[in-house]
Amino acid sequence: MDSINIPITYPGLGKCIYCGKSNTKLSKEHIIPFGLGGNLILSHSSCKGCAKITSQFERFIQHEMLGPARIKLNLPTRRPQKRPKQLTLVYHSGDMQKKFESLSIEEFPSVIAGFDFPEPALLRNIPYNDHKISEGRLIIKPIVDITKNEKYKAGKKIKIGSFSVLEYKRFLAKIAHSYYIAQFNNMNFTPFLPDFILGKNNQLSYYVGGGNHLPNNNSESNILHHLYRQDCIHNGIKYIGIVIHLFAFANMPKYYVIVGR
Ligand SMILES: [Zn+2]
């Protein structure tokens, strides 16, 4: 996988795309984080307070969920000299005691992780406050084939990362919201996502879900990530939708996010 990318910068709107604040210093926003190989940048678009919130869940996704995969796939880092040559595997075998083992990047069981989600609940006519909205199934694709390695005998439980549906959905909401504003450079729509991105509301499943019902794109086998707009009409209302396909080359699940109307 070729992870060299050329940055593409879009002009900002002169205000924070999350809270709307304008008389403040605004920082640029990577639509997909730099550390995941994202090359689209929206300039002057996040205030300090909102950047602090979004960077927290982005850090979780990049380090806890996809940390070893980023190293194995040689995705960008701001501190290349600090990138480890060895990673510590945490495992249990037989007895319940936690054990640690230092492994090279080649040997470490790195995985690409994502979720298989149902479509956004809005499109399934599930009421907004229904807490039975089904969540997701974790999808793991190993990058390093560990089945041939003697070290991973049956009965050994290894830790491959930490995963959170809620944090991942906030991360997808942030990508879709910032991508729409970058591409279409306006706020002339009713945005649905800022409160979810800022953690004021956790009913994300209403607008953020799976996109595996969308047609498959055969040309994606060589693409790291793919974003595009695909609106939808539901119960006579037109919604703005963004399709997010992260790690497309590995055939990971697609996501569909309704950003507004
Ligand atoms: Zn803000």
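Further up the page is the structure itself.
Residues numbered from 1 in each chain as written. Predicted model: local features only at pLDDT ≥ 70, side-chain atom pairs only at ≥ 80, totals over all residues. Heavy atoms only, no water.

Asker: Give a detailed account of the overall build of the chain, specifying residues and quantitative values.
Answerer: Tallying secondary structure elements over the chain gives four helices and 13 strands in all. Relative to a compact globule of 261 residues, whose C-alpha radius of gyration would be 18 Å, the chain shows 19 Å and is just as compact. Along the longest, intermediate and shortest principal axes, the C-alpha atoms of the chain span 60 × 40 × 35 Å. Per-residue burial over the chain gives 49% buried out of 261 residues. Put simply, 68% of the contacts in the chain that link residues at least 6 apart link residues at least 24 apart. When the accessible surface of the chain is summed, it comes to about 13,200 Å², and 50% of that surface belongs to carbon and sulfur atoms. Distance between charge centroids for the chain: 7 Å, based on 34 positive and 18 negative side chains. (Helix = DSSP H or I, 4+ residues; strand = E, 2+ residues; numbered from the N terminus. Rg over C-alpha atoms; globule rule 2.2 N^0.38 Å. Buried < 20%, exposed > 50% of the residue type's maximum accessible area, 1.4 Å probe, protein only. Contact = heavy atoms within 4.5 Å. Areas by Shrake-Rupley, 256 points an atom, 1.4 Å probe, with all protein chains shown as cover. Lys, Arg positive; Asp, Glu negative; His and termini not counted. Charge placed at Lys NZ, Arg CZ, Asp CG, Glu CD.)

Asker: Quick rundown of the coordination of the zinc ion? Include the residues and the values.
Answerer: Within the protein, the zinc ion binds to Cys16 (SG), Cys19 (SG), Cys47 (SG) and Cys50 (SG); these donor distances fall in the range 2.3 Å. The coordination sphere of the zinc ion comprises four donor atoms, whose angles at the metal cover 101 to 119 degrees; the geometry is tetrahedral. Here the donor residues of the zinc ion are spaced in sequence according to C-x2-C-x27-C-x2-C. The class for Cys19 is partly exposed, based on a relative accessible area of 38%. (Donors = N, O, S within 2.8 Å, 3.2 Å for Na, K, Ca; no water. Tetrahedral: all angles 85-135°; square planar, octahedral: opposite > 155°, others 65-115°.)

Asker: Before we move on, could you go through the sheet that holds strand S8 (residues 156-158) and cite the residues and values that matter?
Answerer: The strand order S5-S4-S8 describes an open sheet built from three strands, whose pairing is antiparallel. Across the chains shown, the open sheet's two edge strands, defined by having one partner strand only, are strand S5 (98-104) and S8. The average angle at which neighbouring strand axes cross in this sheet is 40 degrees, direction not considered. For strand S4 (residues 86-93) and S8, the ladder comprises three bridges, and the chain directions are antiparallel. Following the sheet pairing, Tyr91 is matched in S8 by Ile158. (Pairing = 2+ DSSP bridges. Axes fitted to C-alpha atoms, helices over the stretch in contact; angles between N-to-C directions.)

Asker: I'd like a description of the pattern of salt bridges, backed by residues and values.
Answerer: A full pass over the atoms with the stated rule returns five salt bridges. One salt bridge in this structure joins Glu167 and Arg170, with 3.5 Å as the shortest N-O distance. Of this pair, Glu167 and Arg170 both sit in helix H3 (residues 165-184), three residues apart, roughly one helical turn. Using a relative accessible area of 10% as the deciding quantity, one classes Arg170 as buried. (Salt bridge = Lys/Arg side-chain N within 4 Å of Asp/Glu carboxyl O.)

Asker: Run through the pairing of S5, naming residues and quoting values.
Answerer: Here S4 pairs with S5 via seven bridges, running antiparallel. Looking at S5, one finds that Val90 is bridged to Phe100. The hairpin turn running from S4 into S5, its antiparallel successor, is four residues long, and Gly94 in that turn takes a positive phi close to 60 degrees.

That's the geometry; what it means functionally is another story.
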